[in-house]
Amino acid sequence: MRIGVLISGNGSNLQSIIDNEKYINAKVEVVISSKDSYGLERARNHNIDAYYETDEEKIITILKEKNVDLVVLAGYLTIISPKFVDSFKDRIINIHPSLIPSFCGKGYYGMNVHKSVINSGVKVSGATVHFVDYLADTGPIIMQDIVYIENNDDEISLSKKVLEVEHRILVESIKLFVENKLKIEGKRVIINEGVN
Ligand code: GAR
């Protein structure tokens, strides 16, 4: 299976996919970044075609040319259009650094999320992998896991804890997708461990 990864920054989630290509039995064919970011260097270090591109039409064209089966938004900080979603129907997944439906939607990205979480006083946060639909962070949820917020946590320490969860559940979710074990039923994603 061929994966296209969209990023905007450091690319640590991208790195975890690359490091686990064998485990998930898929290959990252192309990386596209909306910023001139370190993630592009990570891709090039692994001889993966990498583009700095902000024009959505061009991004869709590249992904089509590369014949990708799955598009992973891995720290991609741009909201994609309905046309983009329709071009890869049920084949786009996103990682979000909170427990959706909390701390998500417009304006909630990167460190903003963790700041809001800390300021709210909640005792748990986490990460969510979900299919992408027409709105921000509303698509069917594939996998979530939690972290506990301790007295001495700030947004930096929380972001580190959450990233560890992200790297794990993103890889596991992609593996399930590749193995055709995910079935979308309305808002729910049914994980069918039996199918292979
Ligand atoms: C990650 O925490 C990811 O969940 C978040 O940006 C960070 C990117 O880190 N994405 C969003 O906030 C999307 N709404 P990375 O570049 O090291 O993978």
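Residues numbered from 1 in each chain as written. Predicted model: local features only at pLDDT ≥ 70, side-chain atom pairs only at ≥ 80, totals over all residues. Heavy atoms only, no water.

Let's shift gears to unusual backbone geometry. Ile100 connects to Pro101 through a cis peptide bond whose omega is 15 degrees. Within the secondary structure, Pro101 sits in the loop between β5 (92–96) and α6 (110–120). A positive phi angle, near 55 degrees, is found at Asn47, a position not held by glycine. Counting through the fold element by element, Asn47 comes out in the loop between α3 (38–45) and β3 (49–52). For Asn47, a relative accessible area of 74% corresponds to the exposed category. With a phi angle near 65 degrees, Asp137 is a residue other than glycine that sits in the positive phi range. (Helix = DSSP H or I, 4+ residues; strand = E, 2+ residues; numbered from the N terminus. Buried < 20%, exposed > 50% of the residue type's maximum accessible area, 1.4 Å probe, protein only.)

With that out of the way, let us pick up the pairing of strand β4 (residues 70–73). Both faces of β4 are covered, namely the face carrying Leu70 and Val72 and the face carrying Val71 and Leu73. Here 4 bridges tie strand β1 (residues 2–7) to β4, and the two strands are oriented parallel to one another. The partner of Ile3 across the bridge, within β4, is Leu70. Here β4 runs beside β5; their pairing, made up of 3 bridges, is parallel. When the bridges of β5 are listed, Val72 appears paired with Ile93. A crossover links β4 with its parallel partner β5, the connecting element being helix α5 (residues 82–87), and its sense is right-handed. (Pairing = 2+ DSSP bridges. Right-handed = clockwise from strand over helix to strand, strands pointing away.)

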